[in-house]
Amino acid sequence: MSLENPATSKTGSSGSAAGYDHMIILDADSLMTADTIVRLASAMESFPTVALIQTLPIVVNAKTLFARLQQFSGRFYTGR
């Protein structure tokens, strides 16, 4: 990342985020329902001084025993 040329940075390559009040970042393996995104946006509007709002990550389609246990505990914790 170059400080002299913001266009070469990851954020700069798609434009500056400075002109926006909020940002939702999704990575390539994120699965998020539209309802969850609306709830996140609503929370950002309701609490503008909060710097970070994150959902609880939940494992889906787990194959190994360890991953299945993580998936179960995540569902159990969230009550879903």
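Since we're looking at a predicted model, the values are computed, not measured.

Engineer: Help me understand the overall build of the protein chain in this model?
Structural biologist: Assigned secondary structure in the protein chain consists of three helices and zero strands. Counting helices and strands in the order they occur from the N terminus, the protein chain gives α-α-α. Within the protein chain, buried positions represent 11% of all 80 residues. Surface summary for the protein chain: the accessible area is close to 7200 Å², and the carbon and sulfur share equals 59%.

Engineer: Looking at this structure, I do not really get the layout of surface pockets. What am I missing?
Structural biologist: Any space left empty among the atoms is revealed by the rolling of a water-sized probe across them. Counted as a void, the largest pocket has a volume near 1100 Å³. Around the largest pocket, the lining comprises 31 residues; the ones closest to its centre are Met32, Leu40, Gln54, Thr55 and Leu56. Among the secondary structure elements, those contributing two or more residues to the lining of the largest pocket are helix 2 (34–46) and helix 3 (65–78). Per-element tally for the lining of the largest pocket: the top contributor is helix 2, with four residues.

Engineer: Can you walk me through helix 2 in this structure?
Structural biologist: Helix length check: helix 2 (13 residues) gives 18 Å between terminal C-alpha atoms against 18 Å at 1.5 Å per residue, within 8%. Of the residues making up helix 2, those classed as buried are Thr36, Leu40, Ala43 and Met44. Each buried residue of helix 2 lies within a common arc of 100° when the element is viewed along its axis, so the set occupies one face. In this structure, helix 2 carries Ala34, Asp35, Val38 and Glu45 as exposed residues pointing more than 90 degrees from its buried face.

Engineer: It is not clear to me how the confidence of the model for the protein chain should be interpreted in this structure. Could you clarify?
Structural biologist: In low-pLDDT regions, the fine details of the predicted coordinates are not to be read closely. Residues of the protein chain with pLDDT of at least 70 account for 78%, and the chain-wide mean is 76. For the protein chain, the element scoring lowest by mean pLDDT is helix 1 (residues 10–13), at 50; helix 2 scores highest, at 91.

Engineer: How should I be thinking about a nonpolar patch on the surface in this particular structure?
Structural biologist: A surface patch of nonpolar side chains, about 260 Å² in accessible area, is lined by Phe47, Val50 and Ile53. Along the chain, the position of phenylalanine 47 falls in the loop between helix 2 and helix 3.

Engineer: Even after reading the chapter, I still don't get the environment of leucine 31, so can you show me in this structure?
Structural biologist: For leucine 31, the location among the structural elements is in the loop between helix 1 and helix 2. For leucine 31, a relative accessible area of 72% translates into the label exposed. Taking C-alpha positions, leucine 31 is 9.4 Å from isoleucine 58, a pair spaced 27 residues apart along the chain.

What counts, and where the lines are drawn
- Residues numbered from 1 in each chain as written.
- Predicted model: local features only at pLDDT ≥ 70, side-chain atom pairs only at ≥ 80, totals over all residues.
- Heavy atoms only, no water.
- Helix = DSSP H or I, 4+ residues; strand = E, 2+ residues; numbered from the N terminus.
- Buried < 20%, exposed > 50% of the residue type's maximum accessible area, 1.4 Å probe, protein only.
- Areas by Shrake-Rupley, 256 points an atom, 1.4 Å probe, with all protein chains shown as cover.
- 1 Å grid on protein atoms, 1.4 Å probe; cavity = no way out; pocket = protein on both sides within 12 Å on 5 of 7 lines; lining within 4 Å.
- Points joined across faces, edges and corners; volume = space filled by probe spheres on them.
- Expected span 1.5 Å × (residues − 1).
- Arc of directions from axis to C-beta.
- pLDDT = per-residue confidence, 0-100.
- Patch = residues over 30% accessible without salt bridge, like charges linked within 9 Å, V, L, I, M, F, W, Y side chains within 5 Å.
- Salt bridge = Lys/Arg side-chain N within 4 Å of Asp/Glu carboxyl O.

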